[in-house]
Amino acid sequence: MKKNRVLLAGENRLFIDSIKTILEREADFAILGCVSCGVDAIRSARETFPDVIVADQLLPDINLLQVVREVRITQKNAKFLFLIKEETSELLAILGETKNVGIVQNTSDVYELILALRSVSKGESYINPGTITSLRAIPSDGRAFEDPLSEITQREKDVLYWLAKGMTNKEISKTLVLSEKTVKNHVSHILRKLDLTDRTKAAALAWQEGLPMMSEEFFLPPNGASGL
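Residues numbered from 1 in each chain as written. Predicted model: local features only at pLDDT ≥ 70, side-chain atom pairs only at ≥ 80, totals over all residues. Heavy atoms only, no water.

Sorry, what's going on with the sheet that holds strand β3 (residues 52-56) here?
Remark on secondary structure: sheet strands pair via backbone hydrogen bonds, oriented parallel or antiparallel. If you walk across this open sheet you meet the 6 strands as β2-β1-β3-β4-β5-β6, and the pairing is parallel. At either margin of the open sheet sits one strand with a lone partner, and together these are β2 (29-35) and β6 (126-127). Along the sheet, helix α2 (residues 38-48) makes contact with β1 (4-9), β2 and β3, crossing β1 at roughly 160 degrees. (Pairing = 2+ DSSP bridges. Helix = DSSP H or I, 4+ residues; strand = E, 2+ residues; numbered from the N terminus. Contact = heavy atoms within 4.5 Å. Axes fitted to C-alpha atoms, helices over the stretch in contact; angles between N-to-C directions.)

The following block contains the structure:
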């Protein structure tokens, strides 16, 4: 039997370890590891390529939507099961952007947890009826589904990350192993794509979206790499 490889993420270690113990008893699941924050979930997902990421709603560093967006840069068809305490507009945004997703209450019983995980593992969605009803009651003007940074490339996002950290073009060029002219061009492209007038506004938007809160390793070139 092919085992579904699962990565668990959540700040409450006792809760996550309990889920790990439950799933290890099932023949069709293999636990790749347990992490305690969103950044570690992204890092581990990029290293291990799990079939499903099971994440608690309350991560201590970045929100679930950021985790989904960053994981899907390298894994377009990544599957997620979220254990939630309450329904939020963030969950509406995730459902609007993501296929292969499950949502269950963190008070659900073991049977429902396993049912949801098996459904998501097969490429299906799973949302319990009570959650669907609650989500429908959440007002949304559509903006919750938008990713303001979706128009820029990964390299431009790298530049924006360091720009938001207060670096000059010269400092960014050294960090990313790019020419200063290339960095300048990237900044111009960022401003044009995001419809912004200056780098201060670009930095403000980056902070608003939580980009600088992520680990810098995601925005550095691989060892030995050189830019253009």
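The discussion continues.
Help me understand the pattern of salt bridges, please; the structure alone is not making it clear to me.
Side chains that differ in charge, positive against negative, can pair when their charged atoms come close. Under the criterion given, the structure shown has 11 salt bridges. When salt bridges with common partners are traced through the structure, they connect Glu26, Asp28 and Arg118 into a single cluster. (Salt bridge = Lys/Arg side-chain N within 4 Å of Asp/Glu carboxyl O.)

Can you help me understand the packing of helix α7 (residues 154-164) against helix α10 (residues 199-208) in this one?
If you want to describe how two helices pack, look at the angle between their axes and the distance between the axes. The interhelical angle for the contact between α7 and α10, taken along N-to-C directions, is 100 degrees, at an axis separation of 9 Å. In this view, α7 runs roughly perpendicular relative to α10, as classed from their interaxial angle. The residues of α10 that touch α7, namely those facing Leu160, Leu163 and Ala164, are Arg199, Ala202, Ala203, Ala206 and Trp207. (Parallel < 35°, antiparallel > 145°, perpendicular 65-115°, else oblique.)

It is not clear to me how the environment of Pro148 should be interpreted in this structure. Could you clarify?
In this structure, Pro148 sits in the loop between α6 (129-136) and α7. Relative accessible area serves as the criterion here: at 31%, Pro148 is assigned to the partly exposed category. For the pair Pro148 and Leu205, spaced 57 residues apart in sequence, the C-alpha to C-alpha distance is 8.4 Å. Among residues more than four places away in sequence, those in contact with Pro148 are Leu194, Leu205 and Glu209. (Buried < 20%, exposed > 50% of the residue type's maximum accessible area, 1.4 Å probe, protein only.)

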